[in-house]
Amino acid sequence: EPHSFFQKSLSLLSVDTESLQKEIDELAAFSDTPAPSVTRILYTEKDVLARRYIKNLMGLSGLSVREDAVGNIFGRWDGHEPELPAVATGSHIDAIPYSGKYDGVVGVLGAIEAINVLQRSGFRPRRSLEVILFTSEEPTRFGISCLGSRLLAGSEVLVEALKTTVDAQNRSFLDAARSAEYAKDQDDLSSVFLKKGTYSAFVELHIEQGPLLEEEGISIGIVTAIAAPASIKLEFEGNGGHAGAVLMPHRNDAGLAAAELALAVEKHVLESGSIDTVGTVGILELHPGAINSIPSKSHLEIDTRDIDEQRRNIVIEKIQHSASKIAIDRGVRLSEFKIINQDPPALAEKTIIGAMEAASKELNLKHKLMISRAYHDSLFMARVSPMGMIFIPCYKGYSHKPEEYASSQDIANGVKVLALTLAKLSLH
Ligand code: HGY
Ligand code: MN
Ligand code: MN
Ligand code: MN
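What you see is a predicted model; the values in this text were computed from it and never measured.

A.B. asks: I would appreciate a short explanation of the coordination of the manganese ion (ligand 3) in the present structure.
C.D. replies: Geometrically, a metal with four donors at the corners of a regular tetrahedron has ideal angles of 109.5 degrees, and one with six donors at the corners of a regular octahedron has ideal angles of 90 or 180 degrees. Within the protein, D103 (OD), E138 (OE) and H400 (NE2) serve as the donor atoms for the manganese ion (ligand 3), at 2.1 to 2.2 Å. Motif for the manganese ion (ligand 3), donor spacing along one chain: D-x34-E-x261-H. A spacing of 3.5 Å is found between the manganese ion (ligand 3) and the manganese ion (ligand 4), which share D103 as a donor. Taken together, the positions of E138 in the loop between β6 (129-134) and α5 (147-152) and H400 in the loop between β15 (387-392) and α13 (408-427) put the pair 262 residues apart, joining distant regions of the chain. The class for H400 is partly exposed, based on a relative accessible area of 36%.

Okay, here's the thing in structure tokens:
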């Protein structure tokens, strides 16, 4: 009888905070940059070592481990009705350059610990429970965010794109995947698509990556929606030339065109009329990149998001218009303008929100409903399964930088809410 489990075991939900912290620190050591920063890029040697570390932990928790063609890793605890759609949880372990050791990791190591907590409490799952390590949530290497979860959600467009995708070293995605023992052959990729009804629920534990929970002294954030992300890349080309000898009227400086566009991005975002519209130029490269050579080429990558999809799309249109106008005004060529992704927002499922609220109440943890301004694998899992997200506070909201930090206590709270939520959904 489900309720008796919850009455009896609430006190038994004990998180092994010590071993969890040790695992977070050990995982952080698989990095291409020195501590306290973490850099762990898809299919690199450090990524492969970290994957092996996680697979080992899954094995120690008695989970049966499988991997798909692009390296999404699944750890499964069979329920006593294993033919039913399972309940899944998980996140990512790839880390953008010079970032922190909690983004994504809390939702993978914390999920494995949530399984351990339930096992220690004597819980028996009805629906099987699966922990998923999503391949490459960050766009760093191939410019594609949530690559693994997009494929799990059935993106045919992405399967096609990956056949020709290369990284900054001109290494193909397939070649890089094969170097990490994945993607044996390229028509393998659509085998990643999840079959309909695979999961009855998907829940992700993640640090907030914003300051609200810490500022308001609240332990648990229950996500109601994930903002709609989009990314654009473009290039301006001019004649370049000698920085001293070419007089100003004869220049068409691709660097200045980039600078003007970056400010136009800010202008179009601010004129949206909502604080929820954001945008930045995260990558701006000048060629040839010599102080005394007028830039003959500039490469820009823009990230713009909003909780309101329509409002965000208007910003994209304005950016495209500004890019063309700047090219004409400055006599440079807009040699590339490509929208890399333009995704809709995702809503969390009411029943999962209810389960997370009930779990927080039973654990006497202050909680609040909130939106996620960062995107997550949950954004794509929401396309193939009812979705929910649990946030824990992080220090000053810092993320994507080495100062990122979440306390053992906050992580343990998140793990307990996740464990109880998974138990409720498994017995549902
Ligand atoms: O950029 C994001 O929102 C995510 O943290 N990768
Ligand atoms: Mn009852
Ligand atoms: Mn991130
Ligand atoms: Mn993340």
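Now that the structure has been shown, the text picks up again.
A.B. asks: What should I look at first to understand the packing of aromatic side chains in this one?
C.D. replies: The geometry of an aromatic ring pair comes down to the distance between the two centres and the angle between the two planes. A full pass over the atoms with the stated rule returns eight aromatic pairs. Each ring, one from F134 and one from F202, has its centre 5.6 Å from the other, and the planes form 80°; the classification is edge-to-face. In this pair, F134 is assigned in strand β6 and F202 in strand β7 (residues 199-207), connecting sequence segments 68 residues apart. In this pair, the class of F134 matches that of F202, namely buried. Aromatic rings pair up to connect Y43, F142, F173 and Y182 into one cluster. Between the NZ or CZ atom of R66 and the centre of the ring of F74, over which it lies, the distance is 3.9 Å.

A.B. asks: For this particular structure, what's the right way to read the side chain of R150?
C.D. replies: Note on placement: R150 falls in helix α5. Taking the relative accessible area as the measure of exposure, R150 reaches 10% and is therefore buried. Once residues within four sequence positions are removed from consideration, R150 is found in contact with I144, S145, S155, L158, N341, D343 and F380.

A.B. asks: Which parts of the structure should I look at to understand the coordination of the manganese ion (ligand 4)?
C.D. replies: Summarising the metal site, the manganese ion (ligand 4) is bound by the protein donors H92 (NE2), D103 (OD) and H206 (NE2), whose distances to it range over 2.1 to 2.3 Å. Coordination of the manganese ion (ligand 4) draws on donor residues from a single chain, spaced H-x10-D-x102-H in sequence. Owing to a relative accessible area of 0%, H92 belongs among the buried residues under this scheme.

Thresholds applied
Residues numbered from 1 in each chain as written. Chains lettered and ligands numbered in written order. Predicted model: local features only at pLDDT ≥ 70, side-chain atom pairs only at ≥ 80, totals over all residues. Heavy atoms only, no water. Donors = N, O, S within 2.8 Å, 3.2 Å for Na, K, Ca; no water. Helix = DSSP H or I, 4+ residues; strand = E, 2+ residues; numbered from the N terminus. Buried < 20%, exposed > 50% of the residue type's maximum accessible area, 1.4 Å probe, protein only. Phe/Tyr/Trp six-rings, centres within 6.5 Å; stacked < 30°, edge-to-face > 60°. Lys NZ or Arg CZ within 6 Å of the ring centre and 35° of its normal. Contact = heavy atoms within 4.5 Å.

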